[in-house]
Amino acid sequence: DFFCVFNLSTAQLIMKKLLFLCSLFLSLVATSQETPNYPKYTLSQIYEMIDYETSDTFTLKNATIILDTVADRNYLIRKFGLSSFVSMPKDSIEIHKSVVFENVFTQTVNLSDTYIPAFNKVIFHKPVILKNSELWFLYNHFKSEVDITYDDNLHEHLNENFSNENEYAQLVFRENKFEFDPKIEADSEKQEKLRVSIRMEDCVLKGANASGFVNWDFRAFFRVVIIDNQFLDTCHNFIFFSSIRGIINNNDFGQRIVRLTIRDEGYKRLEFRENKINQTFFLSLPESIQNLQIDWSQFSSNVINSGDYNDFIQRISTFNNFSDYMASLQDEKKIKKYIDSARIVNRLFYKSEIGLLGTLNSIYKRQHDLESARASYIALKNLETKRLEYLYDQAPSFDTYFEWKVNQFLKLFSDYGTRPAKAIVVSVYVILFFALIYLFFPNSWDSHGKNRIMDRYRFFTKYMNKEAGIHQVYLEERKEELLASEDFKNYMLSSKKRVPKFFLATAIPLYTWS
């Protein structure tokens, strides 16, 4: 019996331990599915790892940067409210190695958080490569190239580490200085929007690298915010956009040639407002586009169709390589030739340009932006007037000439009907002009006119003072003129035997009407 009881109790104990181990294992498995598998590092640890790196390139993959206010007290950003930040480091940190971050994510920053684990006051002397990462950069200086790329692998990380499908990775640049504009692109083989948002604010971008152009491809991004930045240099800035939402506002593009291409795929909304663009602005957008806010006032020069200009360059130029092609696109003489000649002479170019201006005008009307609608309509009519002048020069006709001159008159008189007040101002100027001529070059009409008015008053007063009818008063008033007409009639009739009959016939109306 003793051995039976012992064996039973021992078996139960073993079973309890096995059940406990199984439950612990299952809980660990479940936890591992909810908790990121990536190792966690503080900012201070990452800086130490960079220092200890023996090669010229430091690479960090599949990692999470966590907030540790104690260990990183000298490296954090302090947040005040929603948009005010203060850098905690007093001195800059210099990194003389190339840095590669791939699938590196910052711990989610909540509105209630006081500190942000961000790279700040860092001078990056060598290239920086960011791939599928969520990072914050504030008050840094990038002295070499910055390469930013995202692809479908980003979804894998987000699906593993975020339970909310609406979560997306954020890449933030605020008050940084770039010696070379970052290269930005995202590519999805699944043709899906990548769950990533990029924000660039209050940065100084000094220009392109040796390629001579800057390429920002936002077509696969979820959200894009580019605001309050200063762009230096005179390079070509390509911006490809079809994100779900985008804000590109208050940027100073200086002397750069900006090319904005908007595509329908997944596009929902874009604000492109209050930017300073001093050079020709190249634009390509679908005619059916909706929810686009793009102020006309930010364009101090021409707005032209980027796709047709590309066709024009390929027609008139030959290229040995891609660099030659980019140089041709930026050639100011070729841009001027397209604006002043090619888009007027070539029927296809003209139709595309008129279509672009018409699309913008429709957008402004739909948004009740009357100022931009007037300005875009004037640009459209100016182009139409130049086209009519060219058509008349090639094949003169009354219709073409009439339309051309009417357009010129309407432009001078009222800006094609967009400024009715201008018509009044022009009319006043015309009146004053002829009044000035009348003042210095008087004629006899004034005295005749005055006497005629005085005669009318005299005649009406005489009629009121007499009891006779108005016809009798008229005959009395015109007695001398009637006698003269009667004498003329008698004289001509008495001379009919001595003058030709046709001469006498022409005199009959004179005394008949009299």
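Structural data are supplied above this passage.
This is a predicted model, so every value here is computed, not measured.

### Observations concerning the pairing of strand β20 (residues 221-227)
Okay, step 1: Across the 7 residues that make up β20, a large majority, 5, are buried.
Okay, step 2: Both strand β17 (residues 194-201) and β20 contribute to a ladder of 6 bridges, which runs parallel. Looking across to β20, one finds that S197 is bridged to R223.
Okay, step 3: Alignment of β20 against strand β23 (residues 245-249), held across 5 bridges, turns out to be parallel. Paired with I226 across the two strands is I248, which belongs to β23.

### Things to note about the pairing of strand β14 (residues 169-174)
Okay, step 1: In terms of burial, β14 is a largely internal element, 5 of the 6 residues being buried.
Okay, step 2: Relative to β14, strand β11 (residues 136-138) runs parallel, the two sharing 3 bridges. Looking across to β14, one finds that W136 is bridged to V172.

### Considerations on helix α8 (residues 370-394)
Okay, step 1: In this model, α8 (25 residues) spans 36 Å end to end at C-alpha, consistent with the 36 Å of a helix rising 1.5 Å per residue.
Okay, step 2: For α8, the full list of buried residues reads S372, A373, S376, L380, K381, L383, T385, R387 and L388.
Okay, step 3: For α8, the secondary structure elements touched by its buried residues are α6 (332-345), α7 (347-366) and α9 (398-414).

### As for the nonpolar core
Okay, step 1: Formed by 80 residues in total, the largest nonpolar core has its most connected members in F173, F218 and F281.
Okay, step 2: Here the element with the most residues in this core is α7; it accounts for 7 residues.
Okay, step 3: With residues up to four places along the chain from it excluded, the contact list for F218 reads I184, I198, V224, I226, I239, F240, F241, S242 and S243.
Okay, step 4: Ranked by size, the runner-up nonpolar core spans 16 residues in total, among them F312, I313, M326 and I339.

Conventions adopted
Residues numbered from 1 in each chain as written. Predicted model: local features only at pLDDT ≥ 70, side-chain atom pairs only at ≥ 80, totals over all residues. Heavy atoms only, no water. Buried < 20%, exposed > 50% of the residue type's maximum accessible area, 1.4 Å probe, protein only. Helix = DSSP H or I, 4+ residues; strand = E, 2+ residues; numbered from the N terminus. Pairing = 2+ DSSP bridges. Expected span 1.5 Å × (residues − 1). Contact = heavy atoms within 4.5 Å. Core = buried A, V, L, I, M, F, W, Y, C linked by side-chain atoms within 4.5 Å.

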